[in-house]
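Single-letter residue listing:
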Amino acid sequence: MTDSTTTHYEETEAPRDVAIERSKRELYEELRTTDSSPFYEVELRELFLFAMGYGRQKAGRVELDGDLHYLFGRTSLSDGQEWIIKSVAVKETRDPDVLRDERMVYTIAQEYANSGIEKLHGKVFGPDEALNELTSELKSLHETDD
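Predicted model, so just to flag it, every value in this text is computed and none were measured. In every chain, residue numbers begin from 1 and rise along the written sequence. Confidence filtering applies because this is a predicted model: local features only for residues at pLDDT of at least 70, side-chain atom pairs given and counted only at 80 or more, and all residues used for totals across whole chains, interfaces and linings. With hydrogens and water stripped out, all remaining heavy atoms of the structure feed into the side-chain values.

> Could you give an account of the pairing of strand 1 (residues 17-21), naming the residues involved and the relevant values?
Taking burial as the measure, the five residues of strand 1 include five buried ones, the bulk of the element. Whether two strands pair comes down to DSSP finding at least two bridges between them. Each helix corresponds to a stretch of at least 4 residues labelled H or I by DSSP, and each strand to a stretch of at least 2 residues labelled E; elements are numbered beginning at the N terminus. Examined bridge by bridge, strand 1 and strand 2 (residues 68-73) share five bridges and lie antiparallel to one another. Its bridge partner lying in strand 2, V18 is registered against F72. Any residue under 20% of the maximum accessible area for its type is buried, any over 50% is exposed, and the rest in between are partly exposed; the area is computed with a 1.4 Å probe on protein chains only.

And the structure:
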């Protein structure tokens, strides 16, 4: 099914590295290095994926602004992790042709993670009720996946 509003994606290569705003690097680090954080010692790429998913659910896409920090090399992603990123792009655009534009696929992921990491950090280090709410959200998300 085609119509005049179909987007034609340019074939591009994915960036070598996954980027975040330099100003948000400390949010990732604090979540990974604080004993009481549910993300204590979690791999950066796993935290990025979680932030991306959380941003998609709770905050929407927010364009990266300012200096960039390269969080990890894209080649360190497992096939499954890469497909999660691709799935989010297809869901966002409602068009599997977006997969041809790998740069766009990663832009979408980075923009969701950009908003998600702030929300996530706020939940973990905010009032106790916020962490309890996050725990409940995680449980309900896990239960709907079964």
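> Tell me what's going on with the packing of aromatic side chains, and back it up with residues and numbers.
Working definition: a ring pair exists when centres of Phe, Tyr or Trp rings (six-membered ring for Trp) sit within 6.5 Å. Plane angles under 30 degrees give stacked, over 60 give edge-to-face, the rest tilted. All told, the structure shown has three aromatic pairs when counted by the stated rule. Taken together, a centroid distance of 6.3 Å and an interplanar angle of 15 degrees make the contact between F50 and Y54 stacked. Here the residue F50 and the residue Y54 both occupy positions in helix 2 (residues 44-58), the gap between them amounting to four residues, near one helical turn. The class for Y54 is buried, based on a relative accessible area of 5%. Working rule: Lys NZ or Arg CZ, within 6 Å of ring centre, within 35 degrees of ring normal, means a charge sits over the ring. For the cation-ring pair, K86 lies above W83, with the distance from its terminal atom to the ring centre recorded as 4.5 Å.

> Could you give an account of the packing of helix 3 (residues 79-93) against helix 4 (residues 102-125), naming the residues involved and the relevant values?
Under this scheme, a helix contributes an axis fitted over its contacting stretch, all axes are lines through C-alpha atoms, and angles between N-to-C directions fall in the 0 to 180 degree range. Axis separation between helix 3 and helix 4 bottoms out at 9 Å; the angle between their running directions is 90 degrees. Here helix 3 is positioned roughly perpendicular relative to helix 4, judged by the angle of their axes. Contact residues: helix 3 offers E82, I85, K86, V88, A89, E92 and T93, while helix 4 offers V105, Y106, I108, A109 and Y112. Lys, Arg, Asp and Glu make up the charged group, whereas Ala, Val, Leu, Ile, Met, Phe, Trp, Tyr, Cys and Pro make up the nonpolar group; the residues left over, Gly among them, are polar. Per-class residue counts for the contact of helix 3 with helix 4 are eight nonpolar, one polar and three charged. With respect to orientation, any angle under 35 degrees is reported as roughly parallel, any angle over 145 as roughly antiparallel, any angle of 65 to 115 as roughly perpendicular, and every other angle as oblique. In this description, contact between two residues means that some pair of their heavy atoms is separated by no more than 4.5 Å.

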